[in-house]
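Each chain, written out:
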Amino acid sequence: MRTRTADVLVVGGGIIGLVTAWRAAQRGLATVVADPSPGGGAAHVAAGMLAAVTELQYGEQTLLDLNLASAARYPDFVEELTAATGLDSGYRPCGTLAVALDADDRADLRDLHAFQSSLGLDAQWLSGRDCRRLEPLLAPGVRGGLRVDGDHQVDPRRLAAALLRAARSAGADFVRAKAARITCAGDRVTGAELGDGTRVVAARTVLAAGCESGRLPGLPEDALPPVRPVKGQILRLRVPAERAPFLSRTVRAVVRGSHVYLVPRENGELVLGATSEEFGWDTAVTAGGVYELLRDAHELVPGITELPLTETLAGLRPGSPDNAPLLGPSPLEGLLLATGHHRNGVLLTPITGDVLGHVLDSGELPDYARPFAAGRFAGAARREQTV
Ligand code: GLY
């Protein structure tokens, strides 16, 4: 077994692991990232909506603050990334239109608007006709909508490519292998043994392996982060040049209780997502998933069925018990977490980098991240077992 030493071992090279590695390497810390295909993970599937306002959920106001703070960081973040790498992340400040297709949807969207307004969020109610004036390809039956000019998009694949280059240029080393086992000495995490036979001995180990973080061998059962896989199926279509611009902003709705969204890229890609399924680790694209997405999107924008379908894919979001991320020091010495981002991984990438950078500097979470402390569920499993 080959042994390497590092100040920081990052387990997982998706966008959360990459931003962590970038921030660590920028600090002069010897950083190793373990991942068989860095730059992949859930972000390879994701649409890249930065939807702090339109994806607001009741009871998630604390998460909203973190989401808004990360959305506000995006312009400077992508500028810094481009300056470091010469790569464009596809950040597009295009805004979002959330629409209602029937009277019930309209009532729900009105409630959401009242909730957003009570929190001081910027969202403007539009009639169906005004929605169609903004987006002429919307279905004639659209009953009204919310214009949210602050919910933008980024291209997660380009973001991942830029973060990979940034982390490398800052000095992070990559081992193309999975973490086979996290290693511990007493109550202290000491690194990991990787699938290619490398042993990495690290002062600090960051679990950033999405939902896989919850089942990594080697950690005591009650130290595993409580993250679960939440499957999302997603489609990519292509808008031929003669049909452009098909949509000028992200368009979304809740149809029969399911979220459907259309995210138009400047290069003609149109991303159509996404299912949300809690059936374990399966990543099969199903006929039912594709059918439901196309059916719901067709109700929203009938013209989509004429577009070439170029890709179908499924990924796993890392859901936590409160659907908010687990960040920073865990109860085990030497172990940090950066996982559990659920529907907000792309949105929360800039602020996750800042939080983990702060933790690497000081050993502590910044005040604004304290509600997302990695240890907030520690002991819950043990308590449940003893009841
Ligand atoms: N945030 C979009 C999704 O998770 O589907």
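Computed from a predicted structure; not experimentally measured.

**Student:** Quick question: what am I supposed to make of the overall build of the chain here?
**Tutor:** From N to C terminus, the chain includes eight helices and 18 strands. Relative to the globule expectation of 21 Å for 387 residues, the C-alpha radius of gyration of the chain, 21 Å, shows essentially globular dimensions. Summarising its shape, the C-alpha atoms of the chain cover approximately 65 × 50 × 40 Å along the three principal directions. A total of 387 residues make up the chain; the buried ones form 55% of that total.

**Student:** Explanation requested: the site of the ligand in the structure shown.
**Tutor:** Taken together, Met49, Glu55, Tyr261, Ala274, Arg317 and Arg343 make up all the residues around the ligand. Measuring from a nitrogen atom of the ligand, one finds a backbone N or O atom of arginine 343 at 2.8 Å. Residue classes in the shell around the ligand are distributed as three nonpolar, no polar and three charged.

**Student:** Is there a simple way to think about the packing of aromatic side chains in this case?
**Tutor:** Note on aromatic pairs: each is described by the distance of the centres and the angle between the planes. Inspection of every chain in the model, using the stated rule, returns four aromatic pairs. In textbook terms, an aromatic cluster arises when at least three aromatic residues are bridged by ring pairs, as seen for Trp22, Tyr74, Phe77 and Tyr91. Across the ring face of tryptophan 22, the terminal group of arginine 23 is positioned such that the distance to the ring centre comes to 4.3 Å. A cation over an aromatic ring shows up here: arginine 168 above the ring of phenylalanine 174, its NZ or CZ 4.8 Å from the ring centre.

**Student:** Can you walk me through the sheet that holds strand β5 (residues 124-127) in this structure?
**Tutor:** Think of a sheet as strands paired side by side through backbone hydrogen bonds, with each pair either parallel or antiparallel. Sheet architecture is open: eight strands sit in the order β5-β6-β4-β13-β14-β15-β12-β16, paired in mixed fashion. Strand pairing shows two members of the sheet lacking a second neighbour, β5 and β16 (309-319), which therefore form its edges. Strand after strand, the sheet turns through a mean of 25° between neighbouring axes, direction not considered. Its contacts with the sheet place helix α3 (residues 103-118) against β4 (96-100), β5, β6 (144-148) and β13 (250-255), and it is angled at close to 30° to β6. Against the sheet, helix α6 (residues 287-300) engages β4, β12 (228-238), β13, β14 (258-264), β15 (269-273) and β16, with an angle of about 55° to β12.

**Student:** Would you mind showing me how to read a negative patch on the surface here?
**Tutor:** The grouping of Asp102, Asp104, Asp108 and Asp111 at the surface amounts to a negative patch. Its place among the elements puts aspartate 102 in the loop between β4 and α3.

**Student:** Hey, could you run me through unusual backbone geometry in this one?
**Tutor:** Glycine aside, residues mostly have negative phi angles, and peptide bonds mostly take the trans form. Following alanine 244, the chain continues into proline 245 via a peptide bond in cis, with omega recorded as -5°. Between glycine 273 and alanine 274 the backbone carries a cis peptide bond, its omega angle lying at -20°. Note that alanine 274 resides in the loop between β15 and α6. With a phi angle near 60°, asparagine 323 is a residue other than glycine that sits in the positive phi range. Positionally, asparagine 323 belongs in the loop between β16 and β17 (326-329). Looking at asparagine 323, the relative accessible area reads 19%, which means it is buried. Even without a glycine there, the phi angle at histidine 342 is positive, about 50°. With respect to the helices and strands, the residue histidine 342 is situated in the loop between β18 (335-339) and α7 (349-362). Judged by its relative accessible area of 14%, histidine 342 is buried.

What counts, and where the lines are drawn
- Residues numbered from 1 in each chain as written.
- Predicted model: local features only at pLDDT ≥ 70, side-chain atom pairs only at ≥ 80, totals over all residues.
- Heavy atoms only, no water.
- Helix = DSSP H or I, 4+ residues; strand = E, 2+ residues; numbered from the N terminus.
- Rg over C-alpha atoms; globule rule 2.2 N^0.38 Å.
- Buried < 20%, exposed > 50% of the residue type's maximum accessible area, 1.4 Å probe, protein only.
- Near = heavy atom within 4 Å.
- Polar contact = N/O pair within 3.5 Å; in protein donor to acceptor, adjacent residues only side chain to side chain.
- Nonpolar A, V, L, I, M, F, W, Y, C, P; charged D, E, K, R; others polar.
- Phe/Tyr/Trp six-rings, centres within 6.5 Å; stacked < 30°, edge-to-face > 60°.
- Lys NZ or Arg CZ within 6 Å of the ring centre and 35° of its normal.
- Pairing = 2+ DSSP bridges.
- Axes fitted to C-alpha atoms, helices over the stretch in contact; angles between N-to-C directions.
- Contact = heavy atoms within 4.5 Å.
- Patch = residues over 30% accessible without salt bridge, like charges linked within 9 Å, V, L, I, M, F, W, Y side chains within 5 Å.
- Areas by Shrake-Rupley, 256 points an atom, 1.4 Å probe, with all protein chains shown as cover.
- Salt bridge = Lys/Arg side-chain N within 4 Å of Asp/Glu carboxyl O.
- Lys, Arg positive; Asp, Glu negative; His and termini not counted.
- Charge placed at Lys NZ, Arg CZ, Asp CG, Glu CD.

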